[in-house]
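Structure at a glance
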Amino acid sequence: MKSLQRSDFELKPFMASSNWIASWQIVNTLLPYGLLWWLAVVCLQQRSLWLLPVLALMVLFLARCFSLMHDCGHYSLFRSRTANRWVGFLLGIVTGIPQLPWSRGHAFHHRHNGNWEKYKGPSALVSVTTYNQLSPNNKTLYRWLRHPLMLVPGGFFYLVVKPRVELVAGLAGLLPHALRQWRRSPGMSWSQIVASHSSRWWHSPEEFRDLLLNNIAVVGSWIAMAAWIGAGQFWLIYAPVMAFSAAIFICIFFVQHNFPGAYAHATHDWNAMDGVLEGTSNLELPAILNWFSADIACHAIHHLCEAIPNYRLRACQQRNAHRLTGVKVLRLGDLLGCFPYVLWDEKAGILTTIASLKTS
């Protein structure tokens, strides 16, 4: 497996994006999601037990929205880069997350997959050495924050709270900078001020605009929905849907990179192809879950070539199956067994568990 190169895989025939397929995917995702919102409001007002299955479907459709937004971030869903940006921005409003900054961070993950010195995974894992240096209280906090039960509150924070906090924190640094610049140069434009400001919350003026406009649209939609159906009813629907949907895609992302034997090296001995083929897992999911996750379960192929749109991933994986025999395959029953792998053993070049560390 280590001798395989990208050129050994047949990828190019599957890289062609289709505007028709992409448009149909957007329609068959957003229209049902909007209809489910209406049904949820009706069920809630009538105190119907049908609310629970409606909310469950909303969770799945929102997870699909996120998967399609992910494709837009790779500029693979539509043929046009502009179409991917606009549709990605729209899906970012639906999912509550600014698409451009998220996509930039995700692209960093793709460039450094398997290099755990640079990319710490969705749970910000630390090395065994760093963990051993933590105080007992901080070790307990580290374990609890990475417990599977934290997926739901963590998902709510990830989609609902974090993007708002990032904007407020970023503006807290930008506005004083703007006042200083205007004192020195009264004719300086707002765009010039944003470009001259270095912030940890965005990496370019474009990312700042995406973050700002996303927050305006998302918070504006909260206010509009609360005015329509009442704040209490809105949050009774919105909060669990956002939390559980985020929990699903964080879970999927986690197990596709954190599993027994996953490739986890430092920069000096990291190999990009090994990171792709040994640092990702493919999932065997029921067909209905593959649809809702837009075939992201075909993850090794996705990392080999992110330009392949979701609707061609499975065919590409089947065409290259004989070259993917060494890729880890996980089934639903294997997923819980992946969550203990929350430490990077930098010496062994693998992920390990806290229990194993205690035993050793």
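Here is what the cut-offs are and how they apply
- Residues numbered from 1 in each chain as written.
- Predicted model: local features only at pLDDT ≥ 70, side-chain atom pairs only at ≥ 80, totals over all residues.
- Heavy atoms only, no water.
- Phe/Tyr/Trp six-rings, centres within 6.5 Å; stacked < 30°, edge-to-face > 60°.
- Helix = DSSP H or I, 4+ residues; strand = E, 2+ residues; numbered from the N terminus.
- Buried < 20%, exposed > 50% of the residue type's maximum accessible area, 1.4 Å probe, protein only.
- Lys NZ or Arg CZ within 6 Å of the ring centre and 35° of its normal.
- Salt bridge = Lys/Arg side-chain N within 4 Å of Asp/Glu carboxyl O.

To describe a pair of aromatic rings, you give the distance between the ring centres and the angle between the ring planes. What the rule picks out here adds up to 16 aromatic pairs. With centroids separated by 3.8 Å and ring planes inclined at 10°, the aromatic side chains of phenylalanine 66 and phenylalanine 249 adopt a geometry described as stacked. A residue pair is termed long-range when its members are at least 10 positions apart, and phenylalanine 66 in helix H2 (residues 51-73) and phenylalanine 249 in helix H10 (residues 231-255) qualify at 183 residues. When sorted by exposure, phenylalanine 66 lands in the same class as phenylalanine 249, which is buried. Both rings, one in tryptophan 291 and one in phenylalanine 292, keep their centres 5.0 Å apart while their planes meet at 85°; by these two values the pair is edge-to-face. With a relative accessible area of 31%, tryptophan 291 lands in the partly exposed category. Following the ring pairs from residue to residue traces out a cluster consisting of Trp37, Trp222, Phe234, Trp235 and Tyr238. Taking NZ or CZ as reference, arginine 81 lies 3.8 Å from the ring centre of tyrosine 75, over its face. One Lys or Arg, arginine 200, reaches over the ring of tryptophan 201 and ends 4.2 Å from the middle of that ring.

So, on to the pattern of salt bridges. Tallying each qualifying case throughout the model produces seven salt bridges. Ionic pairing is found between arginine 314 and aspartate 295, a salt bridge with its closest N-O pair at 2.9 Å. Here the residue arginine 314 occupies a position in helix H14 (residues 310-319), and aspartate 295 occupies one in the loop between helix H12 (287-292) and helix H13 (299-304), the gap between them amounting to 19 residues. Given the relative accessible area of 27%, arginine 314 is considered partly exposed.

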